[in-house]
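Chain and residue survey
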Amino acid sequence: YHSNGKNYINNHLKFLLKYHLDEDTNTYRVVGFLVETQSVDKSGLEIKGDGSCSVSSTGPQEVAQAGETELHFTYQVVWERSQVKWASRWDVYLEMADTQIHWFSIINSVVVVFFLSGIITMIIIRTLRRDIAKYNMADEDLE
């Protein structure tokens, strides 16, 4: 992103994974997730010997407009227990808070369907008229 005449990059992802424990089968299932982006300056990263790192952001990671910029990309996983059951995990997306129907799109689609149907009907009628005329001329020639 661009701010105050400088370019910055989102180089850190935070994954929030929501899980539900089914008491009957004693199984865990992921029922939702959320991904957040963040720009973390490389001075706020402490890379440990085992490949892990700790993030203490001191500000966003600036990207130089000319030359090279050393970047570190990181991610973080957070597990959060949820009361949402596996069977109702899609309810969040299926419930529509904004019930406005897009009437313009519906009317536009209907008009396009009728227009194309009319064109196809005209083509078929012209073809059938020509074919019938040819057959009638062939019958008259035989008599």
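Before going into details, it helps to say that this report is about the structure given with it. (Residues numbered from 1 in each chain as written. Predicted model: local features only at pLDDT ≥ 70, side-chain atom pairs only at ≥ 80, totals over all residues. Heavy atoms only, no water.)

With that out of the way, let us pick up the sheet that holds strand β2 (residues 6–9). Working definition: the strands of a sheet are paired by backbone hydrogen bonds and lie parallel or antiparallel to each other. An order of β1-β2-β7 is seen for the 3 strands of this open sheet, with the pairing classed as antiparallel. With one partner strand each, in any of the chains shown, β1 (2–3) and β7 (61–63) form the two edges of the open sheet. Sheet analysis places β2 next to β7, joined by 3 bridges and oriented antiparallel. Paired with Asn7 across the two strands is Val63, which belongs to β7. (Pairing = 2+ DSSP bridges. Helix = DSSP H or I, 4+ residues; strand = E, 2+ residues; numbered from the N terminus.)

The next point concerns the packing of aromatic side chains. Under the criterion given, the structure shown has 4 aromatic pairs. Put simply, the rings of Tyr19, Tyr28 and Trp79 touch in pairs and so form one group of aromatic residues. Between the NZ or CZ atom of Arg29 and the centre of the ring of Trp86, over which it lies, the distance is 4.8 Å. A cation over an aromatic ring shows up here: Arg89 above the ring of Trp86, its NZ or CZ 3.7 Å from the ring centre. (Phe/Tyr/Trp six-rings, centres within 6.5 Å; stacked < 30°, edge-to-face > 60°. Lys NZ or Arg CZ within 6 Å of the ring centre and 35° of its normal.)

You can see His20 is positioned in strand β3 (residues 12–22). We classify His20 as buried; its relative accessible area is 13%. In this structure, the C-alpha to C-alpha distance between His20 and Met122, residues 102 residues apart in sequence, is 59 Å. Each residue touching His20, except ones within four places of it in the same chain, is listed here: Thr27, Tyr28, Arg29, Val31, Ser82, Gln83, Val84 and Lys85. Side-chain polar atoms of His20 contact the backbone oxygen of Ser82, separated by 3.1 Å. (Buried < 20%, exposed > 50% of the residue type's maximum accessible area, 1.4 Å probe, protein only. Contact = heavy atoms within 4.5 Å. Polar contact = N/O pair within 3.5 Å; in protein donor to acceptor, adjacent residues only side chain to side chain.)

Nothing here speaks to function; it is geometry throughout.
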